[in-house]
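Listed here are the chains, written in short residue letters.
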Amino acid sequence: MKGICGDAKQQLNNCMLLDDTENAPVNGLVNGNGCGIAASPANRGGRKFRSRQVQSLAIRNTSSYDTMERPFRPDNLRGRWSKTADFYFATSSYAFSTMAFSDVSVWALMMGGWKFYLTTYVLAVCFYSLPIFLIQTFLGQFSTSGAISAFRVSPIFKGIGYSILLLNLGTLTYYSVNAAVPLIYAVNTLHDVLPWMSCNNTWNSPNCSTHNSYDVDEDDQKPHSTVEYFHSMIGSIRDGSGAWSLSWSMVLAIVGIWVVVLLLLLNRVSIIGKVMRCACVLMFSFFLAVFVYLVIHEQFGWQTFMDYLHPTIDSWIAIRSSLGMAILQASMVLGPGWGSVITLGSFNRFRSDAARLSIWVCISHVLITVMATICAHVANDHFELHVAMWHVEKKHSMQFLFLSFAYLFGSFTTLPKLWSFLFFTIIFLAEMCALVILMMSLLTSIFDEFEQLRHLKRRITIGLSLCLMISSLYFCTQLGFSQVSALSYMALFTQVVFSALLILMATWIYGRVRFQCDLQFMLGKTISSGEIFFIRIIAPCFIALALYQTIYMLYVNGADDVLIWISQGFSYLIVIAYMIFKLTQTNGTLRQRVRQCFAPHDWHPVNPDNRAFYEEIMGTSEMLVIDNGNAA
């Protein structure tokens, strides 16, 4: 990299020395602007460099005096991953979340078949998730900042960071429920008899049944022990219960989860990365074992796979719903909440190959999602064959996952408790990692942006964790638990909107050339103009399609909760309000203020050596763009 920077600096100096003359040296190369460029080893090796004027293509860094904004001071004690692989494992852990095994993929496959659902899912990962993942990783890794301070690249959009902060804070109030439910199931596998496969429990009704077959002509079916276990132990739905009835098993699980999360957060980032690396290796190992045994035990063959190639429901409306669900599945690559990839990327070393890591994370998500979809369909078919899902009143979006898989593994004749434990441990570890990542994203954003709070890091971490733990107890009630599932579609809608703004900011306002140069400088390798074109042009088109499909899903699923719309609308008001505030706090005419607010502020690597190289190359009137021997 130093060699590239040296060649670039030499060429820029030659251009600056000769910018007032029309004559180039006889033995030198002449560029399109009449600047003499001496032959360098890089030129003699066949690779050509060309300096390009970019005053009109990229906006200058602004000073603190222009924007009335304090200089950014990095947190030198924030830490980093002990290994580059920690970033990969942390971002891949969310592939095992409850969404991967939920009824979303089952219904999508029924309504779209493999040819519509899987095709749309892969396209959504390539054209939506991968570009956004790469941009978020770039913002975090280049600036070594969280989801607020990383918007120094275009400060007028910093309101997105504050909005993300509030959205993630709201998500954390209920997200521990996703980890508590599989934890309860995993712990209860330690009993001599799986409690959801028996009617000899205190919560079972007199009509409880453990039937493994049913008459399809009967409208009324006796409640199965698996259903009663979920309703009573998880959803607080039992005789004599009310909206504020508590599930004490959920209370104990959530308190225990938050204690573990707090103990992890009080450690260094390197230790947290090692813990998540070990957790992800366990998830990969457990899932591979469960998948292989499940396919063998249920005799899932090629013919069964081909049966799902075409849609089961022959309707264009069903196919459209399948496309929307595929996009929802693809958004899992971006992790829980929004902006978590920025935070995780900020703990990378500056020269980590973010592009290669992004591709491997997406490939891992696709493979795991396809395997999880097969598992979900096997579980669904097994439950429908022996118990019948159609007579079970849907109380929660998690219901399908835990009813079908609990019954499937409980009905195994060989080691049912072991397979149940492995499966529910996978989901528990995935949701625990997601909870830790959300908290890291929240705390890192606060401490990176507000320097005066850094010495209170420990106190704020403990206080915030305790407050979130207390607020999470509301979702242990019957009413609170029923409301958790209403938030996923609106969260997806907000994620798609912010992703569109991110591409606009990074590749259009900041500029194609600056973005390409920064990527090349950070990665130390060539980024072709075709890849940048893909991010700038192709990805926004697919994001527009994703936004249309998400709105359609909201319409079909009747997302008419006024409080949800108000809370989501408030996040957009924060973005707009900050833009107005930023303009009012800047000097000059309206046009000057707009240009200054869009211009990057203190945008550079925080490492002194990397910053010196960056300012030598980018801090001049010229920019170097390398494009496989061709001028970009």
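One can find the structure itself at the top, above this paragraph.
Computed from a prediction, not measured in an experiment: that's the story for all the values here. (Residues numbered from 1 in each chain as written. Predicted model: local features only at pLDDT ≥ 70, side-chain atom pairs only at ≥ 80, totals over all residues. Heavy atoms only, no water.)

Chemist: Looking at this model, I keep getting lost on the state of the cysteines. Mind explaining?
Modeler: Where two cysteines share a covalent bond between their sulfur atoms, that bond is called a disulfide. One pass over the full model with this rule turns up one disulfide. Bridging cysteine 199 to cysteine 208, the disulfide has an S-S length of 2.0 Å. For the disulfide bridge between cysteine 199 and cysteine 208, the dihedral angle about the S-S bond is near -75 degrees, and by the sign convention the bridge is left-handed. Taking the relative accessible area as the measure of exposure, cysteine 208 reaches 14% and is therefore buried. Between cysteine 126, a free cysteine, and cysteine 362, which holds the nearest cysteine sulfur, the sulfur-to-sulfur gap is 7.6 Å. (Disulfide = S-S within 2.5 Å. Buried < 20%, exposed > 50% of the residue type's maximum accessible area, 1.4 Å probe, protein only.)

Chemist: When you look at the pattern of salt bridges in this model, what are you seeing that I'm missing?
Modeler: If charged atoms from side chains of opposite charge come close, those side chains can pair. Overall, the coordinates contain eight salt bridges when judged by the stated rule. Arginine 73 is the salt-bridge partner of glutamate 451, the closest N and O atoms lying 3.8 Å from each other. Placement of glutamate 451 in the loop between α15 (416-449) and α16 (457-472) and of arginine 73 in the loop between α3 (64-67) and α4 (85-92) is noted, with a sequence separation of 378 residues between them. The class of glutamate 451 is partly exposed, set by a relative accessible area of 32%. A relative accessible area of 43% means that arginine 73 is categorised as partly exposed. (Salt bridge = Lys/Arg side-chain N within 4 Å of Asp/Glu carboxyl O. Helix = DSSP H or I, 4+ residues; strand = E, 2+ residues; numbered from the N terminus.)

Chemist: Would you mind showing me how to read unusual backbone geometry here?
Modeler: The bulk of non-glycine residues show a negative phi, and the bulk of peptide bonds are trans. Its identity is not glycine, yet leucine 415 carries a phi of approximately 50 degrees, on the positive side. Within the secondary structure layout, leucine 415 lies in the loop between α14 (399-410) and α15.

Chemist: I would appreciate a short explanation of the nonpolar core in the present structure.
Modeler: The tendency in soluble globular proteins is for nonpolar side chains to be buried side by side. By size, the foremost hydrophobic cluster in this structure holds 178 residues, and its most contacted members are Leu139, Tyr185 and Phe405. Looking at which element gives the most residues to this core, the answer is α15, with 22 residues. (Core = buried A, V, L, I, M, F, W, Y, C linked by side-chain atoms within 4.5 Å.)

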